[in-house]
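This is what each chain is made of:
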Amino acid sequence: MKVLSVVGARPNFVKIAPLLREMAGRGEIESVLVHTGQHYDARMSDDFFAALAIPAPDFNLAVGSGSHARQTAEVMTRFEPVLESVRPDLVLVVGDVNSTLAAALTAAKLGIRVAHVEAGLRSFDRSMPEELNRLATDAIADELFASEESAVENLAREGVPSERVHFVGNVMIDALRLTRPLWQASTIVADLGLDRLPRYGAVTLHRAANVDDPDRLRQITGALQALARHVPLIFPVHPRVRPLLDGHDVRWLDAAAPVPAQGLVCTEPLGYLDFVALVSRAAVVLTDSGGIQEETTILGVPCLTLRENTERPATVRHGTNRVIGVAPHRIVEEGLFALTQPPLRRTPPPRWDGHAAARIVDVLVRATVPVAA
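A. Quick peek at the overall build of the protein. What the protein contains, in helices and strands, is 16 helices and 14 strands. For the protein, the C-alpha radius of gyration of 20 Å lies close to 21 Å, the compact-globule estimate for 373 residues. When the backbone C-alpha atoms are referred to their principal axes, the protein occupies close to 70 × 40 × 40 Å. A sequence separation of at least 24 residues applies to 70% of the contacts in the protein between residues at least 6 apart. When the accessible surface of the protein is summed, it comes to about 15100 Å², and 53% of that surface belongs to carbon and sulfur atoms. Across the protein, the 38 positively charged side chains and the 44 negatively charged ones have centroids separated by 3 Å.

B. Broad picture of the layout of surface pockets. The calculated volume of the second largest pocket comes to roughly 190 Å³. Breaking the lining of the second largest pocket down by element, the ones donating at least two residues are α1 (10-24) and α7 (171-178). Broken down by element, the lining of the second largest pocket gets its largest block of residues, four residues, from α1. Looking at the lining of the second largest pocket residue by residue, the classes come out as 10 nonpolar, one polar and one charged.

C. Structural detail: unusual backbone geometry. Located in the positive-phi region is A53, a residue other than glycine, with phi close to 55 degrees. Mapping A53 onto the fold places it in the loop between α2 (46-51) and β3 (59-60).

D. View of the pairing of strand β6 (residues 143-146). Because side chains alternate across β6, one face comprises the buried residues E143 and F145, and the other comprises L144 and A146, equally buried. Sheet topology places strand β5 (residues 113-117) next to β6; three bridges connect them, and they run parallel. Its bridge partner lying in β6, H116 is registered against L144. On the question of chirality, the crossover connecting β5 to the parallel β6 by way of helix α5 (residues 129-140) is right-handed. Taken together, the three bridges between β6 and strand β7 (residues 165-167) define a ladder with parallel strand orientation.

E. Quick look at the sheet that holds strand β8 (residues 201-204). The seven strands are arranged β10-β11-β9-β8-β12-β13-β14 in an open sheet whose pairing can be described as parallel. Edge positions in the sheet fall to β10 (251-252) and β14 (321-323), since each has one partner strand and no second. Relative to strand β12 (residues 284-287), β8 is paired through four bridges, and the arrangement is parallel. Bridge assignment links T204 to a residue of β12, and that residue is T287.

F. Representation of the pattern of salt bridges in the model. What the rule picks out here adds up to 23 salt bridges. D353 is the salt-bridge partner of R359, the closest N and O atoms lying 2.6 Å from each other. Salt bridges linked by common partners bring K15, D96, E118, E131, R134, E294, R307, E311 and R312 together as one network.

G. Broad picture of helix α12 (residues 272-280). Of all nine residues in α12, seven are buried, a share of seventy percent or more. For α12, the full list of buried residues reads Y272, L273, F275, V276, A277, L278 and V279.

H. Expanded view of the environment of F124. Within the element layout of this structure, F124 appears in the loop between β5 and α5. When the C-alpha atoms of F124 and R177 are compared, they prove to be 30 Å apart, with 53 residues separating the residues in sequence. Each residue touching F124, except ones within four places of it in the same chain, is listed here: E131, N154 and R157.

I. Main features of the nonpolar core. Core analysis: the largest hydrophobic core is formed by 62 residues, its most contacted members being L19, L52, I54, L92, L194 and Y272. Discounting chain neighbours no more than four positions away, the residues touching I54 are F13, I16, A17, L20, L33, F48 and F49. The next biggest cluster of nonpolar side chains, apart from the first, holds 29 residues, and it includes V211, L245, V284 and L286.

J. Fine view of the packing of helix α3 (residues 68-86) against helix α4 (residues 98-109). Between α3 and α4, whose axes approach to 8 Å, the crossing angle comes to 45 degrees. With respect to each other, α3 and α4 are oriented oblique. Judged by the sense of rotation from one axis to the other, the crossing of α3 with α4 is right-handed. Mapping the contact onto sequence places H68, Q71, T72, V75, M76, F79, E80 and L83 in α3 and N98, S99, A102, A103, L105, T106 and A107 in α4. A class-by-class count of the residues in the contact of α3 with α4 yields eight nonpolar, six polar and one charged.

K. Inspection of the packing of helix α11 (residues 214-227) against helix α15 (residues 328-340) at higher detail. Two elements in contact, α11 and α15, have axes whose closest approach is 8 Å; the angle formed by their N-to-C orientations is 30 degrees. Once α11 is placed against α15, the crossing between them reads as right-handed. Within the contact between the two elements, α11 uses Q219, I220, A223, L224, A226 and L227 and α15 uses P328, I331, V332, G335, L336 and L339. By residue class, the composition of the contact of α11 with α15 is 10 nonpolar, two polar and no charged.

The rules behind these values
- Residues numbered from 1 in each chain as written.
- Predicted model: local features only at pLDDT ≥ 70, side-chain atom pairs only at ≥ 80, totals over all residues.
- Heavy atoms only, no water.
- Helix = DSSP H or I, 4+ residues; strand = E, 2+ residues; numbered from the N terminus.
- Rg over C-alpha atoms; globule rule 2.2 N^0.38 Å.
- Contact = heavy atoms within 4.5 Å.
- Areas by Shrake-Rupley, 256 points an atom, 1.4 Å probe, with all protein chains shown as cover.
- Lys, Arg positive; Asp, Glu negative; His and termini not counted.
- Charge placed at Lys NZ, Arg CZ, Asp CG, Glu CD.
- 1 Å grid on protein atoms, 1.4 Å probe; cavity = no way out; pocket = protein on both sides within 12 Å on 5 of 7 lines; lining within 4 Å.
- Points joined across faces, edges and corners; volume = space filled by probe spheres on them.
- Nonpolar A, V, L, I, M, F, W, Y, C, P; charged D, E, K, R; others polar.
- Buried < 20%, exposed > 50% of the residue type's maximum accessible area, 1.4 Å probe, protein only.
- Pairing = 2+ DSSP bridges.
- Right-handed = clockwise from strand over helix to strand, strands pointing away.
- Salt bridge = Lys/Arg side-chain N within 4 Å of Asp/Glu carboxyl O.
- Core = buried A, V, L, I, M, F, W, Y, C linked by side-chain atoms within 4.5 Å.
- Axes fitted to C-alpha atoms, helices over the stretch in contact; angles between N-to-C directions.
- Parallel < 35°, antiparallel > 145°, perpendicular 65-115°, else oblique.
- Left-handed = near helix turned anticlockwise from the far one by under 90°.

Now the structure itself:
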């Protein structure tokens, strides 16, 4: 049985690592890996492959950045010859980036079965490109793997037959648990001089709705700077976001000096292990990322989601996440509240136990092995 897995961006790398590890231990599976090159910066790609022990991809499509339409079309154009050459039994896609939809659509048009990991998540906000990718990919997929209860409910409402939906848990948490000894050994907190401070917070921003509008970005950074008068905030900046911060009054880390006792401090992107280590010891995390909502839920770290919605309601219901929007006064108020009254750590969401990848591969084997004549 030949399974071709597709990755393109940072969240994909984290999700695919446990799946590749699990498939490598199954003698009945031949695994092929395609990297579309959607994230091509070494800090967003190569470093993650190394930290997560992901083997070198069999194919790299090197599509690079671009508009949603160009990037999606480029993946499809470059991926089709790979499928025709490899002729896999199944194409495995993860998450909700442009590469996910492009690969699923290309495979489906060639009559190749598609499995979608992290199916059924819905923000119910079609202004988000990721929401459109999720909806379209789930409509194409033959096997849909759900990470939380809400995803199963969403797919049922959309009319997906129950036998195609599998509630398996969260592969992001598999990766978090597998790499725990490595990120616990990271020295990033000491390297930044944060170990001498009583506490600090962490920030990530990358969604177009938050960073592409200069006025909104200025309001958000202004609110973060106000909160940072009470606790230093460390902001590892996504490569796409860095030029958008030009003209904003932000401070960049001086390698020769430790992080100050207050203020918003920007740094270069961090690798997976260093970033998890940073988050795991933070007093609060402010983010617009989906995956970080999940990781903080398991790490027990207060998370404030800078969006009006979340496609991961389990992180609110079972975890430490609060969805607060981007109003500047609310960012400050909620940040101070989280610092003084952090939420209690709760029982993890069902099946977020580190065994999601094994459940997924079990289903793939059953679904793909040919029936004897």
